[in-house]
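So the chains spell out like this:
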Amino acid sequence: VQLQACGGGLVQAGGSLRLSCAASGRTFSNYAMGWFRQAPGKEREFVAGISRSGGSTNYADSVKARFTISRDNAKNTVYLQMNSLKPEDTAVYYCAAVFTFPSDSNRFRAPNEYTWWGQGTLVTVSS
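These remarks concern the structure in this document. Small disclaimer: the values here were computed from a predicted structure and weren't measured.

The next subject is the side chain of Asn 106. Note that Asn 106 resides in the loop between strand E9 (91–99) and strand E10 (116–117). In this structure Asn 106 comes out as buried when scored by relative accessible area, which is 14%. Reaching out from Asn 106, the side chain makes a polar contact with the backbone oxygen of Thr 57 at a distance of 3.5 Å.

This is the structure:
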C-alpha cells in the first residue's frame, strides 16, 4: 500500500493542525494504521493507532486528550487531529500501515510492527 501524508506546517503553541494520510494500492480497510513522529536526534516514537474498522484507538501518554486519530475507509484516509500543540510536539510525522485482516487488532505500537510507511510531514510548533 502507498501512503501519502500531508497537513504539516508551522503553528504557534496552543494551536491545532490536522494531518491526513491517503492510502492507495490495496484494500485500505484491511490495515490497521498508525501515526509516528521523529524529532531531530531522537528515535521514532508511536503517537496513535487505529484498528482497521476504526473501532478502537490507542495513544501515547504524551498526546492523550490532545490528539485524536480517526479514519474514513470510504476515502482511504486516516487523520490525526492535533490540538493544544506544544513545542515538544515538533517532529516529522509519519503514517504507517500493517495488514491485520480479518483481525481488528489495535495492539501495534512499535515501528517494526508496521510494514508500509508514508514519506512524513513536518510539524513545527513555535513557543
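In this section: the environment of Gly 15. Mapped onto the secondary structure, Gly 15 falls in the loop between strand E2 (9–12) and strand E3 (17–24). Distance from Gly 15 to Leu 85, taken between C-alpha atoms, is 5.5 Å for residues 70 residues apart in sequence. Residue contacts for Gly 15: discarding those within four places in its chain leaves Met 82, Asn 83, Ser 84 and Leu 85.

Bringing the state of the cysteines into the picture now. Enumeration according to the criterion identifies 1 disulfide in this entry. The side chain of Cys 21 participates in a disulfide bridge whose partner is Cys 95; the two sulfur atoms lie 2.0 Å from each other. The S-S bond linking Cys 21 to Cys 95 shows a torsion near 60 degrees; that makes this disulfide right-handed. Here the residue Cys 21 occupies a position in strand E3, and Cys 95 occupies one in strand E9, the gap between them amounting to 74 residues. When sorted by exposure, Cys 21 lands in the same class as Cys 95, which is buried. Sulfur of Cys 6: no disulfide; nearest cysteine sulfur belongs to Cys 21 and is 8.4 Å away. Given a relative accessible area of 42%, Cys 6 falls into the partly exposed group.

Among the nonpolar cores identified, the biggest contains 38 residues, and Met 33, Trp 35, Leu 80, Met 82 and Tyr 93 are the most heavily contacted of them. For this core, the secondary-structure elements that each account for two or more residues are strand E1 (2–6), E3, strand E4 (31–38), strand E5 (45–50), strand E7 (67–72), strand E8 (77–82), E9 and strand E11 (121–126). Residue contributions to this core peak at 6 residues, all from E9.

Quick look at the pairing of E3 now. Bridge analysis of E1 against E3 gives 5 bridges, and the strand direction is antiparallel. Note that in E3 the partner of Gln 4 across the bridge is Ala 22. Summarising the sheet, E3 and E8 pair through 6 bridges and their orientation is antiparallel. Bridge assignment links Cys 21 to a residue of E8, and that residue is Val 78.

The description of two aromatic rings rests on the distance between their centres and on the angle between their planes. Under the definition given, this model contains 8 aromatic pairs. Measuring from centroid to centroid gives 6.3 Å for Phe 108 and Tyr 114, while their planes differ by 75 degrees, and the two rings are edge-to-face. Accessibility assignment for this pair places Phe 108 and Tyr 114 in one class, buried. Members of the aromatic cluster, joined through ring pairs, are Phe 36, Phe 46, Tyr 94, Phe 108, Tyr 114 and Trp 117.

Cut-offs applied
Residues numbered from 1 in each chain as written. Predicted model: local features only at pLDDT ≥ 70, side-chain atom pairs only at ≥ 80, totals over all residues. Heavy atoms only, no water. Helix = DSSP H or I, 4+ residues; strand = E, 2+ residues; numbered from the N terminus. Buried < 20%, exposed > 50% of the residue type's maximum accessible area, 1.4 Å probe, protein only. Polar contact = N/O pair within 3.5 Å; in protein donor to acceptor, adjacent residues only side chain to side chain. Contact = heavy atoms within 4.5 Å. Disulfide = S-S within 2.5 Å. Core = buried A, V, L, I, M, F, W, Y, C linked by side-chain atoms within 4.5 Å. Pairing = 2+ DSSP bridges. Phe/Tyr/Trp six-rings, centres within 6.5 Å; stacked < 30°, edge-to-face > 60°.

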